[in-house]
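Coordinate inspection notes
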Amino acid sequence: MSAIKKDYKRITTKSLIDMKSNGEKISMLTAYDYTMAKIVDTAGIDVILVGDSASNVMAGHETTLPITLDQMIYHASSVVRAVERALVVVDLPFGSYQSDSKEALRSSIRIMKESGGHAVKLEGGKEIKESIKKILNAGIPVMGHLGLTPQSIYKFGTYTVRAKEEQEAEKLIEDAKLLEQLGCFALVLEKIPAHLATKVAQSISIPVIGIGAGGGVDGQVLVIHDMLGMNNEFSPRFLRRYMNLYEGMTSAISQYVEDVKSEDFPNEKEQY
């Protein structure tokens, strides 16, 4: 039996909690620029994540670590200008919150004031407890992120599935409950066993949004470049490609090159 879908004119943190209560799944995608965000928002997405994955798909870095706070604010402000309905969540980049709760607050305030974003997202659990508390005390909504946390890739040494062992799974559940207790409005679970993600979603009242975490959670998130097939080198099990833009765009650009070289473009109707 499918949930009744409510027509939200504007998605808020409360909207997401209501969706979980009503059994309506939450849709979430990344966006990093005005044009793409406008399309994603118009299509009816619930949440737009201005992810630090911009470091990979926009800047070509191997990891998410190099992107700066200034760069995240630039991408987020571009997205916010395009959005009319979706909730815009902005990643706090590596180094802007881990070591000092005061720095975490300063970073979050900059994102909210300079980009107009609606919330921030942080990776980690108990170890960043003080940072989360300080941000929340300032009235800034926080989304958590557990499981595979890409900012810790050099610590893990691999992008493999997390929390397969009992000890790590228990810590993840404890961290999820802690994030709820602290006041986070939602939580992303990345690349963990589906049964564990389902257990977490059922054990807390805030929405759990998965990426590579199975269908038993409250919503799903993907990187827009991946689901549209703009990136043909990334093919994890959890990714469903809804288009093959890499092939289509390559073909279109090749045709343009050929038309220019052959003087087919522009024709008489395409000039003044």
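The shown structure was predicted, so the numbers you read here are calculated from the model rather than taken from an experiment. (Residues numbered from 1 in each chain as written. Predicted model: local features only at pLDDT ≥ 70, side-chain atom pairs only at ≥ 80, totals over all residues. Heavy atoms only, no water.)

1. Comments concerning the overall build of the protein chain
- Within the protein chain, the secondary structure is distributed over 11 helices and eight strands.
- A total of 272 residues make up the protein chain; the buried ones form 48% of that total.
- In the protein chain, the proportion of contacts linking residues at least 24 apart, taken out of those at least 6 apart, comes to 57%.
- A total accessible area of about 14,400 Å² is found for the protein chain, and carbon and sulfur atoms account for 52% of it. (Helix = DSSP H or I, 4+ residues; strand = E, 2+ residues; numbered from the N terminus. Buried < 20%, exposed > 50% of the residue type's maximum accessible area, 1.4 Å probe, protein only. Contact = heavy atoms within 4.5 Å. Areas by Shrake-Rupley, 256 points an atom, 1.4 Å probe, with all protein chains shown as cover.)

2. So, a nonpolar patch on the surface
- A surface patch of nonpolar side chains, about 540 Å² in accessible area, is lined by Met249, Ile253, Tyr256, Val257, Val260 and Phe265.
- Looking at where Phe265 falls in the secondary structure, it is placed in the segment after helix H11 (245-261). (Patch = residues over 30% accessible without salt bridge, like charges linked within 9 Å, V, L, I, M, F, W, Y side chains within 5 Å. Salt bridge = Lys/Arg side-chain N within 4 Å of Asp/Glu carboxyl O.)

3. A short note on the pattern of salt bridges
- By the definition in use, this model includes 12 salt bridges.
- Put simply, Glu130 and Lys133 hold a salt bridge, and the shortest N to O gap is 3.9 Å. Of the two residues, Glu130 and Lys133 both sit in helix H6 (residues 129-137), three residues apart, roughly one turn of that helix.
- On the basis of relative accessible area, Lys133 is assigned to the partly exposed category, the value being 32%.
- A single salt-bridge network, built from bridges that share partners, covers Asp70, Arg110 and Glu114.

4. Regarding the packing of helix H8 (residues 166-182) against helix H9 (residues 194-203)
- Contact geometry of H8 with H9 gives a least axis separation of 10 Å together with a crossing angle of 30 degrees. Taken together, the axes of H8 and H9 lie roughly parallel to each other. Helix-helix and strand crossings are classified by hand; for H8 and H9 the assignment is right-handed. Between H8 and H9, the contacting residues are Ala169, Leu172, Ile173, Ala176, Lys177 and Glu180 on the first element and Leu196, Lys199, Val200 and Ser203 on the second. (Axes fitted to C-alpha atoms, helices over the stretch in contact; angles between N-to-C directions. Parallel < 35°, antiparallel > 145°, perpendicular 65-115°, else oblique. Left-handed = near helix turned anticlockwise from the far one by under 90°.)

5. Observations regarding H11
- Spanning 17 residues, H11 covers 24 Å between terminal C-alpha atoms, matching the ideal 24 Å at 1.5 Å per step.
- Just downstream of H11, Glu263 is the residue with a positive phi angle, here 65 degrees. (Expected span 1.5 Å × (residues − 1).)

6. With respect to the pairing of strand S6 (residues 186-190)
- Of all five residues making up S6, five are buried, and the element is well covered by its neighbours.
- Where burial is concerned, the two faces of S6 agree: the one with Ala186, Val188 and Glu190 and the one with Leu187 and Leu189 are both buried.
- Relative to S6, strand S5 (residues 142-147) runs parallel, the two being bridged by five bridges. Looking across to S6, one finds that Leu146 is bridged to Leu189.
- For S6 and strand S7 (residues 208-211), the ladder comprises four bridges, and the chain directions are parallel. Within S7, the residue paired with Leu189 across the bridge is Gly210. (Pairing = 2+ DSSP bridges.)

Don't take any of this as a statement about function, it's just geometry.
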